[in-house]
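What follows is the residue order along each chain.
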Amino acid sequence: MAEVIVVGGGVGGMVAALLLARDGHDVRIHERLPRLGGKLAEHRRDGFTFSIGPSLLTLPGLFLDLGIPLDLLELDELCRYRFADGSVLSTYRDPGRTAGEVDRLAPGEGRHWRAYHRWAERCLDAAMRTFFVGPLTGPVVEPPAPWRGGQVPRARLGDLFAVAPGRTLDALAGGFFRDARLRQYVDRYATYAGSNPYRAPAALGCVPAIEHGDGGWYVRGGLPRIADALAAALDKAGVEVRTETEVTEVIAGADRVHGVRTAGGEVTLADVVVVNADAAALYGRLLPDRTRLRRIAGLGLSSSAFLMLAAVEGRTEGMPHHSIVFSGDYRREFGDIFDRRRPPEDPTVYIGCPSGHDATMAPDGAESWSMLVNVPAGDPARWPMPPEAYAELVLERLASRGHDLSGRLRFLDLLTPADLRDRYGAWGGAIYGGAYGGPFASFRRPGNRGPRRGLYLVGGTAHPGGGLPLVAMGGRIVAELVARDLSRSGPRRGRARP
């Protein structure tokens, strides 16, 4: 049995801790905030509840296979897209129905969408055999995986070519669709990784295969109930959880970790330290490493988020759970975010409105809207206008495109990149750490094994990336890596307490 410290109680760290505890190890989590869950969080005010993190669950088997109870609702309409010209595209779990909607939007493009979806399925299958299974360097691990059939298939020689190596996501979209709106629809999947579709790898285009293959799901009461269920499972497994406890140092020698030090001065020795924090924070503060910090900086920051949490009076007829209101010029929008480093003048806005599926999220006769705009990471004090003025600009853009909230707002609360930075220790408030830029971006992200024996990384800034499914996969990968590494060397010591 090994002594394990998990630094940070985000979803990836919780999954790793749970699996390690069930494997017989002595596990403790140190979490700086008052609750577990990391960015899987919510904001409550005056009877309204807003998601401030993930709002759509895909691959729910990753959590159900952990034996945690979730009250799941599958969404028939996955998302409704409104384009700048006023046209609308609704996508559904059923690929055939979605292809029909594509044909309705752009006659003749339905067959191209079917071809795109077949490519996405092949790309996803290749990723399941490689990228999603384990580290991109060293031996591949095979953790329990809830793929179709319940087995992890073996990698194939053609998997590298299945992900369209060397192509950007926008180039991939242009290869399938003539209609500019459908190209914008595909490009949008770069934002799932906080990246620019004109630089991000084509492999990000596999996301529709997940959404149409395994569905899009909602957890009644909001997705933070996943964190609550994981916390209950951790307690049952005997994991010691210390909230409001900040780790300030990972103690290590030249070749291996020895434990951690907290802000209160407590030193805890351990065989294994799993860091579920921003990789830049690990190599910048907790275990300084200039070389690795430069590598992370070389990726460039992913985008951040400007969140507008609106308490809306009345009910909006036909309002879907998930909406995207597109900008009129996607290339200019991403140029604003990644090149000019300013909030886009004509932003694309995501709207999450769960009230139609969950009456507990807002008082009777009202709705809770979580609106997200992709913005550059960094200090909002450097924006051309203050956040409050930018929120007014976003509301004006929404009103011009069919979502006029004039006279309906009870209140509007804002979260900026500075809030994400201060709350979660995210580098510049970036949601996913480094951006995916260039064909080999996936290989340049921090790996799950650290530079010392016994040190592991998990979470949205490490392999395989951000988002609920990927951080859960990362937790499984780390647990399997720890098991393999300990089987070779064995634990060194018991936990020491000062």
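Everything here concerns the structure above.
Residues numbered from 1 in each chain as written. Predicted model: local features only at pLDDT ≥ 70, side-chain atom pairs only at ≥ 80, totals over all residues. Heavy atoms only, no water.

> Explain the overall build of the chain to me, please; I cannot follow it from the model alone.
On a plain count of helices and strands, the chain comes out with 16 helices and 19 strands. Relative to the globule expectation of 23 Å for 498 residues, the C-alpha radius of gyration of the chain, 22 Å, shows essentially globular dimensions. Projected onto its principal axes, the C-alpha positions of the chain cover 65 × 55 × 40 Å. Expressed as a percentage of its 498 residues, the buried residues of the chain come to 58%. Sequence-distant contacts in the chain: of pairs separated by 6 or more residues, those separated by 24 or more amount to 72%. (Helix = DSSP H or I, 4+ residues; strand = E, 2+ residues; numbered from the N terminus. Rg over C-alpha atoms; globule rule 2.2 N^0.38 Å. Buried < 20%, exposed > 50% of the residue type's maximum accessible area, 1.4 Å probe, protein only. Contact = heavy atoms within 4.5 Å.)

> Just checking my understanding: could you explain the layout of surface pockets for this structure?
Once rolled over the atoms, a probe with the size of a water molecule shows which space is left empty. Approximately 260 Å³ is the volume found for the second largest pocket. Along its surface, the second largest pocket is lined by 12 residues, and R292, R295, R445, P446 and G447 are the ones closest to its centre. Secondary structure elements with two or more residues in the lining of the second largest pocket: α11 (290–299) and α15 (441–444). Broken down by element, the residue count for the lining of the second largest pocket peaks at three residues, all from α11. For the lining of the second largest pocket, the class distribution of residues is five nonpolar, two polar and five charged. (1 Å grid on protein atoms, 1.4 Å probe; cavity = no way out; pocket = protein on both sides within 12 Å on 5 of 7 lines; lining within 4 Å. Points joined across faces, edges and corners; volume = space filled by probe spheres on them. Nonpolar A, V, L, I, M, F, W, Y, C, P; charged D, E, K, R; others polar.)

> Any chance you could explain the environment of R118 here in plain terms?
Residue position: R118 is located in helix α4 (residues 110–129). A relative accessible area of 46% places R118 in the partly exposed class. Each C-alpha atom of the pair R118 and L393 lies 39 Å from the other, and the pair is 275 residues apart in sequence.

> Help me understand empty space enclosed by the protein in this model?
Counted by the stated rule, this structure contains two cavities of 30 Å³ or more. Around the largest cavity sit 14 residues that line it, and S51, S55, H321, G352 and P354 are the ones nearest its centre. Looking at the lining of the largest cavity, the elements with two or more residues in it are β4 (48–51), β16 (349–352) and β17 (366–376). It is β4 that contributes the most residues to the lining of the largest cavity, three residues altogether. Taken together, the residues of the lining of the largest cavity sort by class into six nonpolar, eight polar and no charged.

> Is there a simple way to think about the side chain of H117 in this case?
Structurally, H117 is set in helix α4. Ignoring sequence-local partners within four residues, the contact set of H117 consists of P95, P208, A209 and H212.

> Mind showing me how you'd approach the pattern of salt bridges here?
All chains considered together, the criterion is met by 35 salt bridges. Among the ionic pairs, D413 bridges to R45, the shortest N-O distance being 2.6 Å. Pair noted here: D413 is in strand β18 (residues 409–415) and R45 is in strand β3 (residues 42–45), with a separation of 368 residues, a long-range link. By relative accessible area, which is 33% here, R45 ends up partly exposed. With a closest N to O distance of 3.1 Å, D71 and R220 form a salt bridge. Here R220 lies in the loop between β8 (216–219) and α9 (224–236) and D71 lies in the loop between α2 (61–64) and β5 (72–75), a separation of 149 residues in the sequence. Residues joined in a network through salt bridges with shared partners are R35, E42, R44, R225 and D228. (Salt bridge = Lys/Arg side-chain N within 4 Å of Asp/Glu carboxyl O.)

> How do you make sense of the pairing of strand β15 (residues 322–325) when you look at a structure like this?
Across a regular strand the side chains alternate sides, sitting on one face of the sheet and then on the other. Here β15 shows no split at all, with H322 and I324 on one side and S323 and V325 on the other all buried. Examined bridge by bridge, strand β6 (residues 77–82) and β15 share three bridges and lie parallel to one another. By the bridge assignment for β15, R80 is matched with S323. One ladder, built from four bridges, connects β15 with β16; its direction is antiparallel. Residue pairing across strands places V325 opposite V349, the latter belonging to β16. (Pairing = 2+ DSSP bridges.)

> Help me out: how do you make sense of the nonpolar core in this one?
Side chains of nonpolar character tend, in soluble globular proteins, to be buried together. Core analysis: the biggest nonpolar cluster contains 97 residues, and F63, Y81, Y116, I226, L230 and V274 have the highest contact counts within it. Residue contributions to this core peak at 11 residues, all from helix α16 (residues 468–489). With near-sequence residues (within four places) excluded, Y116 lies in contact with L172, F176, F177, Y185, V186, Y189, G205 and P208. Core analysis: the next-biggest nonpolar cluster, separate from the first, contains 21 residues, F306, C353, V373 and V394 among them. (Core = buried A, V, L, I, M, F, W, Y, C linked by side-chain atoms within 4.5 Å.)

> Explanation requested: the sheet that holds strand β13 (residues 272–275) in the structure shown.
Sheet strands pair via backbone hydrogen bonds, and the direction of the pair is either parallel or antiparallel. On the basis of which strands lie adjacent, the open sheet formed by five strands has the order β9-β2-β1-β13-β19 and parallel pairing. If you trace the sheet from one side to the other, it starts and ends with β9 (240–242) and β19 (455–457), each paired once. Strand-to-strand twist in this sheet, taken as the mean axis angle between neighbours without regard to direction, amounts to 20°. Sheet topology places strand β1 (residues 3–7) next to β13; four bridges connect them, and they run parallel. Bridge assignment links V6 to a residue of β13, and that residue is V274. Most of the contacts of α16 go to β19, to which it runs at about 160°, and overall it touches β13 and β19. (Axes fitted to C-alpha atoms, helices over the stretch in contact; angles between N-to-C directions.)

> Teacher, can you tell me more about helix α12 (residues 330–338) here?
Note on helix geometry: an α-helix contains 3.6 residues per turn, so any two residues three or four positions apart are oriented the same way. Burial runs high along α12: seven of the nine residues are buried. For α12, every residue scored as buried is listed here: Y330, E333, F334, G335, D336, I337 and F338. Its side-chain oxygen at 3.3 Å from the backbone nitrogen of R331, D329 defines the N-terminal cap of α12. (Polar contact = N/O pair within 3.5 Å; in protein donor to acceptor, adjacent residues only side chain to side chain.)

> Which parts of the structure should I look at to understand the packing of aromatic side chains?
According to the stated counting rule, one finds 19 aromatic pairs in the structure shown. On the numbers, 5.2 Å between centres and 20° between planes, the contact of F83 with F326 is stacked. Within this pair, whereas F83 is found in the loop between β6 and β7 (88–92), its partner F326 is found in the loop between β15 and α12, the two being separated by 243 residues in sequence. On the basis of relative accessible area, F326 is assigned to the buried category, the value being 0%. Each member of the aromatic cluster is reached from another via a ring pair, and the members are Y81, F83, Y185, Y189, Y192, Y198, F326, Y330, F334 and F338. Of note, R45 hangs over the ring of F411, and the distance from its end group to the ring centre comes to 3.9 Å. R188 extends its terminal NZ or CZ atom over the ring of Y189, reaching a point 5.4 Å from the ring centre. (Phe/Tyr/Trp six-rings, centres within 6.5 Å; stacked < 30°, edge-to-face > 60°. Lys NZ or Arg CZ within 6 Å of the ring centre and 35° of its normal.)

> Would you take a moment to explain the packing of α4 against helix α8 (residues 207–214) for this structure?
One can describe the packing of α4 onto α8 by two numbers: an axis separation of 7 Å at closest approach and a directional angle of 95°. One way to sum up the angle between α4 and α8 is to call them roughly perpendicular. Across the interface between the two elements, W113, Y116, H117, A120, E121 and L124 of α4 pack against P208, A209, I210 and H212 of α8. Broken down by class, the residue content of the contact of α4 with α8 amounts to seven nonpolar, two polar and one charged. (Parallel < 35°, antiparallel > 145°, perpendicular 65-115°, else oblique.)

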